[in-house]
Amino acid sequence: MNRDRALLLGYLVAVVAASLVHDAWLLATGLVLVLASAGGRAGPLAWRVLRATGPYLAAVAAGWLGLAMLAGPGGSEGAAGPALARLALRVLLLAALAFRVLPAVSLARALSFSRTLRYVLVLAMSQLLAFRRLFGDFRLALTARTPRRVGPRTAVRHGAATAAWFLRRAEHDAGTLTQALEARGFFLDRD
Amino acid sequence: MHIPDGFIAPQVYGPAYGVAGVLWAAGLRRLRRTLEPSVMPRLAVVTAAAYVLMLVAIPLPGGTTAHITGVGMLAALFGAWQAFLSLSLVFLIQALALGDGGVTSLPVNALCVGLGGGLAARAGLLLRPRAVGVFAAGWLGAAVPALLVALVLGWQPHLARDGAGQPLYFPFGWQLTVPAIVLPHLLVGIADGAVALAAWRALGRGTP
């Protein structure tokens, strides 16, 4: 087993384990250990985790507060604090694990046991990153060419034009990639 | 609308992996049955397009914006199976490479958004005239996954509780998840439908 596959497997086992642990102290310890393992990068890692999970956790906390206020002092929501702390710690731990471990994993090498899966993922990733950059350019172009705030009508027209462009581009790229792979004999010995 | 890691109980994500695994294998077999070499490159590139469609933002009243799901458009143009597989790949890439979404919620997201949304969009496409069908496909592709996600999330407190009776995973039941998730997506669905219709017109009304 190569290093990347071992790391990915270790990450998956840790995720399942974290989803089975219900002790808030254990989850907090796990979170501290993951952050500490980042060394000098612990601060930026914690900030990234908070940014990624903050909206979800804030929505859950707001919902809980709303229910507690509706239920009044006698409601059972008042006792839900530890449960919400446990949920928040689990979500933070899982996000920290993902941001700590996954950047060190080469997906192409970790998934090398299946040539098809590796090839589809690598192709999809390469296209996705290129498409994302182009999408950003399109959005900047819309902002630059619109003197006022973009309204719903303009946004729908721009969204539709962008979607149509990317769908046409996807069709074209699929054809080009197929020809390139065919020319290199890829489909002769596909698993 | 997709669910992050930590909200779903193992009693749900375990079986969901089983069901999704069978459907992934069936979907791939179905796509490969065409024996066209372009099947896999097409899957990869449509996956990238599916990811980009999710980035399209429409301003909503009140100064906020909503991201369309693009599920209806994908299902209308490429079929429900392709939409399911492409969105599954998007969720896999988001979970493992982009640090978004999650591994435990992946099969639930794929089944609710990819399969549920894809099938609902194909059903909407049966409506006539064709323009109404395309709009309905876009709307249903946002509304139906929202309902399915709300039902799955609202199920969590009924499934797993600690000794004190407090939920171990997502804490709110259906009475909160259904209105909180579905109502905004009825509005997002209108944007989804409008973009699907306009994109269909821009593509020259060739497909679907």
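Everything here concerns the structure above.
The rules behind these values
- Residues numbered from 1 in each chain as written.
- Chains lettered and ligands numbered in written order.
- Predicted model: local features only at pLDDT ≥ 70, side-chain atom pairs only at ≥ 80, totals over all residues.
- Heavy atoms only, no water.
- Helix = DSSP H or I, 4+ residues; strand = E, 2+ residues; numbered from the N terminus.
- Rg over C-alpha atoms; globule rule 2.2 N^0.38 Å.
- Buried < 20%, exposed > 50% of the residue type's maximum accessible area, 1.4 Å probe, protein only.
- Areas by Shrake-Rupley, 256 points an atom, 1.4 Å probe, with all protein chains shown as cover.
- Lys, Arg positive; Asp, Glu negative; His and termini not counted.
- Charge placed at Lys NZ, Arg CZ, Asp CG, Glu CD.
- Contact = heavy atoms within 4.5 Å.
- Salt bridge = Lys/Arg side-chain N within 4 Å of Asp/Glu carboxyl O.
- Polar contact = N/O pair within 3.5 Å; in protein donor to acceptor, adjacent residues only side chain to side chain.
- Patch = residues over 30% accessible without salt bridge, like charges linked within 9 Å, V, L, I, M, F, W, Y side chains within 5 Å.
- Core = buried A, V, L, I, M, F, W, Y, C linked by side-chain atoms within 4.5 Å.
- Domains from an automatic or database assignment.

Looking only at helices and strands, chain B has 7 helices and 2 strands in total. The N-to-C order of helical and strand elements in chain B reads α-α-β-β-α-α-α-α-α. Taking 208 residues into account, the globule formula puts the C-alpha radius of gyration at 17 Å, and chain B, at 17 Å, falls close to it. Per-residue burial for chain B yields a buried fraction of 60% across its 208 residues. For chain B, the exposed area adds up to about 7,400 Å²; of that, 68% sits on carbon and sulfur atoms. Mean positive and mean negative side-chain charge positions of chain B (11 and 5 charges, respectively) differ by 19 Å.

What follows deals with the interface of chain A and chain B. Residue-level contacts link 64 residues of chain A with 57 residues of chain B. At the surface where chain A touches chain B, the tally comes to 1 salt bridge. Note that Asp 162 of chain B is salt-bridged to Arg 86 of chain A, the shortest N-O span being 3.1 Å. Where chain A packs against chain B, one counts 7 residue pairs in polar contact (both at pLDDT 80 or more).

This paragraph deals with a nonpolar patch on the surface. All names here are of chain B. Together, Leu 147, Leu 151, Trp 155 and Trp 174 line one region of the surface with nonpolar side chains, adding up to about 360 Å² of accessible area. Among the elements that line the nonpolar patch, the one with the most residues is helix 6 (residues 130–159), at 3 residues. Among the secondary structure elements, Trp 174 is positioned in helix 7 (residues 174–202). A relative accessible area of 37% means that Trp 174 is categorised as partly exposed.

The next point concerns the pattern of salt bridges. Counted according to the given criterion, the structure contains 4 salt bridges over all chains. A single salt-bridge network, built from bridges that share partners, covers Arg 3, Asp 4 and Arg 109 of chain A.

We now examine the nonpolar core. The biggest cluster of nonpolar side chains holds 123 residues, and the ones touching the most others in it are Tyr 11 of chain A together with Met 73 and Leu 74 of chain B. With 13 residues, the single largest contributor to this core is helix 4 (residues 81–101) of chain A. Built from parts of two domains, this core gets at least three residues from each of domain 1 (3–107) and domain 2 (114–183) of chain A. Aside from chain neighbours lying at most four places away, what touches Leu 74 of chain B is Leu 167 of chain A together with Val 46, Ala 50, Leu 53, Gly 79, Ala 83 and Leu 87 of chain B.

On to the side chain of Gln 127 of chain A, then. Mapped onto the elements of the fold, Gln 127 of chain A is located in helix 6 (residues 115–145). If sequence neighbours within four positions are ignored, Gln 127 of chain A has contacts with Asp 173 and Leu 177 of chain A together with Val 45 and Ala 48 of chain B.

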